[in-house]
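Residues per chain, in single letters:
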Amino acid sequence: MDIVVCVKPVPDPKQWSKLHLDPVTKVLRREGIETVLNPHDKHALEAALQIRQAHGGRIGVVSMAPPWTQEVLRETLALGADEVLLLSDRAFAGADTWATVPVLAAGIRRWGRPDLVLCGAESVDGSTGQVGPQLAHLLGYASLSYVCGLEEVSPERIIAHWQVEEGYAQVEVQLPAVLTVTRECNQPRGLNLMGVVQARNKPLTMLTAADLDLDLDRCGLGGSPTQMGDMWMPESGRRQVILEGETEEVIQELIRRLCQVAALPE
Ligand SMILES: Cc1cc2nc3c(=O)[nH]c(=O)nc-3n(C[C@H](O)[C@H](O)[C@H](O)COP(=O)(O)OP(=O)(O)OC[C@H]3O[C@@H](n4cnc5c(N)ncnc54)[C@H](O)[C@@H]3O)c2cc1C
């Protein structure tokens, strides 16, 4: 089975306080902030590795990201992917999901005709969960999101556990398909020295807009119906107030203050 895993390098959540918006373009400035693999995507890659273990085939990683994410994407090769296509061009900057998906689709077509495309259910920064289903639509593939378990996999179909509010539903999907997976789907393997060494000899190819069959009007900030208005970090930390006095007085004062912040109806 030929599988493509879509992997998004994201700013390290531990350093988000350093993130800021470019005041003019309203594009997120990430320079100087460490980049990590989107956590959900490690589960997507693990699912691909387990399927290859059972059925053979190739695993390609496709990522739309800045050129300096090559090192972090090499981690997917060390974990077991066969090759990485890094789709990188200034024309892709500031893309919302609508403008991200044509680039990913063009990269996937450049890689081949995969039987299965695996994505994470969500990214930790944009967190829209829109990319997987949009990609399936653009590729003409079946789509299943929030997969929390793979019960049966064959080159023709997959029986999956689909996360629903009350638990999960068992769903059958015909291939080719795009599946997005949750963290419950599996336990990603860790890096090992052999994998890191082998990764050095595996191909990581950077492709620009010129290398891809793309309508540039559909890409980047210009091709994005969603424009970022503003972004700020909410103040964290609780204000501590100690109320002193007779119990009844304290209760009355607490109610008065809760009404003040509208936490309780007047
Ligand atoms: C704080 C913030 C808020 C945003 N809000 C919106 C918004 O409301 N609407 C909107 O359209 N865009 C929004 N964006 C932009 C959005 O992050 C980008 O369009 C992004 O490339 C895709 O959307 P996502 O991160 O929500 O992906 P999701 O749909 O949450 O990602 C799901 C999966 O798709 C794959 N994937 C996503 N992006 C890539 C990529 N670049 N390369 C490879 N695989 C990928 C990964 O497997 C990922 O796990 C926002 C960005 C930020 C930082």
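This report concerns the structure included in the present document. In this numbering scheme, every chain counts its residues from 1 along its sequence in written order. Side-chain atom pairs in this predicted model are given and counted only at pLDDT of 80 or more, local residue features only at pLDDT of at least 70, and totals for whole chains, interfaces and linings cover all residues. Note that the side-chain values use all heavy atoms of the structure and ignore hydrogens as well as water.

**Regarding the packing of aromatic side chains**
Aromatic rings from Phe, Tyr and Trp, with only the six-membered ring used for Trp, were paired whenever their centres fell within 6.5 Å, and each pair was classed as stacked if the ring planes differed by under 30 degrees, edge-to-face if by over 60, and tilted otherwise. Summed over the entire model, instances satisfying the criterion amount to zero aromatic pairs. Directly above the aromatic system of Trp-111 lies the positively charged group of Arg-58, at a separation of 4.0 Å from the ring centroid. Two conditions define a charge sitting above a ring: the NZ of Lys or the CZ of Arg must be within 6 Å of the ring centre, and it must be within 35 degrees of the ring normal.

**Considerations on the environment of Leu-79**
Think of it this way: any DSSP run of H or I at least four residues long counts as a helix, any run of E at least two long counts as a strand, and we number them from the N terminus. Within the element layout of this structure, Leu-79 appears in helix 2 (residues 70-79). Exposure categories follow from relative accessible area, calculated using a 1.4 Å probe and restricted to protein chains: below 20% of the type maximum is buried, above 50% is exposed, and the middle band is partly exposed. Among the residues examined, Leu-79 registers a relative accessible area of 12% and is labelled buried. Spatially, the C-alpha atoms of Leu-79 and Asn-201 are 13 Å apart, while their sequence positions differ by 122 residues. Pairs of residues are marked as contacts when any of their non-hydrogen atoms sit within 4.5 Å. The contact partners of Leu-79, leaving out residues within four places of it in the chain, are Leu-45, Leu-49, Arg-189, Gly-190 and Leu-191.

**Description of the environment of Thr-100**
Inspection of the secondary structure puts Thr-100 in helix 3 (residues 97-111). According to the relative accessible area criterion, Thr-100 is buried, its value standing at 13%. Along the chain, Thr-100 and Gly-223 lie 123 residues apart, while their C-alpha atoms are 9.1 Å from each other. With sequence-adjacent residues up to four places away left out, Thr-100 is seen in contact with Met-64 and Ala-95. In this structure the side chain of Thr-100 is engaged in a polar contact, spanning 2.8 Å, whose partner is the backbone oxygen of Asp-96. A 3.5 Å cut-off defines polar contacts: any pair of N or O atoms within that distance qualifies, except that in protein one atom must be a possible hydrogen donor and the other a possible acceptor, and neighbouring residues in sequence count only when both atoms are side-chain atoms.

**Brief notes about the pairing of strand 7 (residues 83-87)**
Counting buried positions along strand 7 gives five out of five residues, so the element sits mostly inside the fold. After leaving strand 6 (residues 59-64), the chain enters helix 2 and then returns to the sheet as strand 7, a path that is right-handed. Note that strand 7 and strand 13 (residues 204-207) share four bridges and pair parallel. Paired with Leu-86 across the two strands is Met-206, which belongs to strand 13. Here the term right-handed applies to a crossover when the path leading from its first strand over the helix to its second strand runs clockwise, the strands being oriented away from the viewer. Any two strands between which DSSP finds at least two bridges are classified as paired.

**Some remarks on the pattern of salt bridges**
The salt bridge definition used is simple: a Lys or Arg side-chain nitrogen within 4 Å of an Asp or Glu carboxyl oxygen. Taken as a whole, this structure holds 13 salt bridges when the rule is applied. Between Lys-14 and Asp-12 there is a salt bridge, with the nearest N and O atoms lying 3.7 Å from each other. Glu-46 is the partner of Arg-189 in a salt bridge, and the nearest nitrogen-oxygen pair spans 2.8 Å. Of the two residues, Arg-189 sits in the loop between strand 12 (177-181) and helix 5 (193-199) while Glu-46 sits in helix 1 (residues 39-55), which places them 143 residues apart along the sequence. Here Arg-189 falls in the partly exposed class, since its relative accessible area comes to 34%.

**Some remarks on the site of the ligand**
Near the ligand there are 28 residues, and of these Cys-6, Lys-8, Asp-41, Ser-123 and Thr-128 occur at the shortest range. Gly-120 places a main-chain nitrogen or oxygen 3.0 Å from an oxygen atom of the ligand. Within the side chain of Thr-128, a nitrogen or oxygen atom sits 2.6 Å from an oxygen atom of the ligand. Per-residue and other accessible areas follow the Shrake-Rupley method at a 1.4 Å probe size, with only the shown protein chains counted as cover for residues. Contact with the protein chains covers 86% of the free accessible surface of the ligand, which is 910 Å². By residue class, the composition of the shell around the ligand is eleven nonpolar, twelve polar and five charged. We call a residue near a given molecule or strand whenever any one of its heavy atoms falls within 4 Å of it. Three categories are distinguished: nonpolar for Ala, Val, Leu, Ile, Met, Phe, Trp, Tyr, Cys and Pro, charged for Asp, Glu, Lys and Arg, and polar for the others, with Gly belonging to the last.

**As for the sheet that holds strand 10 (residues 157-164)**
Taken together, the nine strands give an open sheet; going across it, the order is 11-10-9-12-8-1-6-7-13, and neighbouring strands pair in mixed fashion. Two strands lie at the open edges of the sheet, namely strand 11 (167-174) and strand 13, each paired on one side alone. Averaged over all adjacent pairs, the angle separating strand axes in this sheet is 35 degrees, with direction ignored. Most of the contacts of helix 3 go to strand 6, to which it runs at about 150 degrees, and overall it touches strand 1 (3-6), strand 6, strand 7, strand 8 (116-120) and strand 13. Packed onto the sheet, helix 4 (residues 131-139) meets strand 1, strand 8, strand 9 (142-153) and strand 12 and runs at close to 175 degrees relative to strand 12. Only the contacting stretch of a helix is used when fitting its axis, a line to C-alpha atoms as for every element, and angles between N-to-C directions run 0 to 180 degrees.

**What about unusual backbone geometry?**
In this structure, the amide linkage connecting Leu-175 to the following residue, Pro-176, adopts the cis form with an omega of 0 degrees. Within the secondary structure, Pro-176 sits in the loop between strand 11 and strand 12. Located in the positive-phi region is Ser-127, a residue other than glycine, with phi close to 50 degrees. As for its placement among the helices and strands, Ser-127 is situated in the loop between strand 8 and helix 4.

**Quick word on the layout of surface pockets**
In this model, the second largest pocket occupies a volume close to 240 Å³. Lining the second largest pocket we find Arg-239, Val-241, Leu-243, Leu-254, Arg-257, Leu-258, Gln-260 and Val-261. Buried and open spaces are told apart on a 1 Å grid over the protein atoms alone, a cavity being a set of points where a 1.4 Å probe fits but cannot get out and a pocket being an open set with protein on both sides within 12 Å along at least five of seven lines. Residues with an atom within 4 Å of a point are the lining residues. Grid points are joined across faces, edges and corners, and a volume is the space filled by probe spheres set on the points.

**Digging into the side chain of Thr-69**
For Thr-69, the location among the structural elements is in the loop between strand 6 and helix 2. On the basis of relative accessibility, which here comes to 2%, the residue Thr-69 falls in the buried class. Here Pro-66 takes part through its backbone oxygen, which lies 2.7 Å from a polar atom of the side chain of Thr-69. Apart from the residues lying within four places of it in its own chain, the contact partners of Thr-69 are Pro-9, Thr-35 and Leu-86.

The quantities given are spatial measurements derived from coordinates; they are silent on function.
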